[in-house]
Amino acid sequence: MASGLLRVLVLGILGAISAVRQVFDEPIGPTRRSKIEDELPPVAENEATLWPTVFVAMLASNQAHTLPQFLAYIERLDYPKDRISIGIHTDHNVDNTSAMLQEWVANVRPFYHNILLIDSDEIVYVSEPLEWTNERYQHIMRLRDRCLNEARRQWADYILFVDCDNFLINSQTLKSLVLKNKSVIAPMLTVTKTSLYSNFWCGTDENGYYKRTKSYIPTLERERRGCFPVPMIYSTVLIDLRWEASTQLSYEKPPPGYQGPADDMLVFAASVKAAGTVCIM
């Protein structure tokens, strides 16, 4: 009787094992759908996404003569305004810059995600409007880094630095730069059709200063078309803050080994190189 009972138990165990094998051996694929899966809506292959958020940083001092045109071109940028925050710092004014900015901000604030206007009457340096002393350079370097940190604090995807005498005539400028998907990029700016001045360098000497190269004029005159790595870009620059190494970028704090002067453009270019990338024009 005991042997019969043992035989029944063994057959029961073998049957259970066979059932488990059948479950695990059964193929799992699209034919086995749960009730929840059947109720889910189909996933679109090309769902629309929002444009990245951009923090536009402006430094304005005695720019009343350029502000009307400059601000008009900022407003005309073909980019969703609710994806744009603006940070403006103005100081050391002896003209109508402050009042003009306050009026403009009051008029356009409802259209943008956020606008921060810092209108300071603190005297940090003493110089003529066109005179650039060491104190003035250091002040600009600090302000640019404050803008960087504010954009990071707001979790902006990008920061666009744009000087108030840079007119972004092409309304597609911001979209075009974003779509290039570069870490640090600038649009090429020109002064006049005959001027050789722009906002980039194609070469530098051993000390990091400007050096004219054979590729500069063909680039400036648009004989070369496309995106090109260059050692220096300034005035109007777009930085991708989603890029992990962007935390190393600075206009004020030079990277280890930097021996150049206290100049925001040179320090920034050195920090870009130290972060392991290049400026793109």
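Model, not experiment: these values are computed from the prediction. (Residues numbered from 1 in each chain as written. Predicted model: local features only at pLDDT ≥ 70, side-chain atom pairs only at ≥ 80, totals over all residues. Heavy atoms only, no water.)

Enquirer: Can you tell me about the overall build of the protein, naming the residues and giving the values?
Expert: For the protein, the helix and strand inventory stands at 8 helices and 10 strands. When each of the 281 residues of the protein is scored for burial, the buried share is 40%. Surface exposure of the protein reaches about 17,400 Å², of which carbon and sulfur atoms provide 55%. (Helix = DSSP H or I, 4+ residues; strand = E, 2+ residues; numbered from the N terminus. Buried < 20%, exposed > 50% of the residue type's maximum accessible area, 1.4 Å probe, protein only. Areas by Shrake-Rupley, 256 points an atom, 1.4 Å probe, with all protein chains shown as cover.)

Enquirer: Report on the pattern of salt bridges, specifying residues and quantitative values.
Expert: In the structure shown here, the tally under the stated rule is 5 salt bridges. A salt bridge links lysine 175 to aspartate 78, with the nearest nitrogen and oxygen atoms 3.5 Å apart. Linking lysine 175 in helix α6 (residues 173–180) with aspartate 78 in the loop between α3 (67–76) and β2 (84–90), this pair joins segments that are 97 residues apart in sequence. By relative accessible area, which is 33% here, aspartate 78 ends up partly exposed. A salt bridge links arginine 242 to aspartate 240; the shortest N-O distance between them is 3.0 Å. Arginine 242 gets classed as partly exposed once you look at its relative accessible area, which sits at 46%. Several salt bridges share partner residues, and in doing so they unite Arg144, Asp163 and Asp264 into one network. (Salt bridge = Lys/Arg side-chain N within 4 Å of Asp/Glu carboxyl O.)

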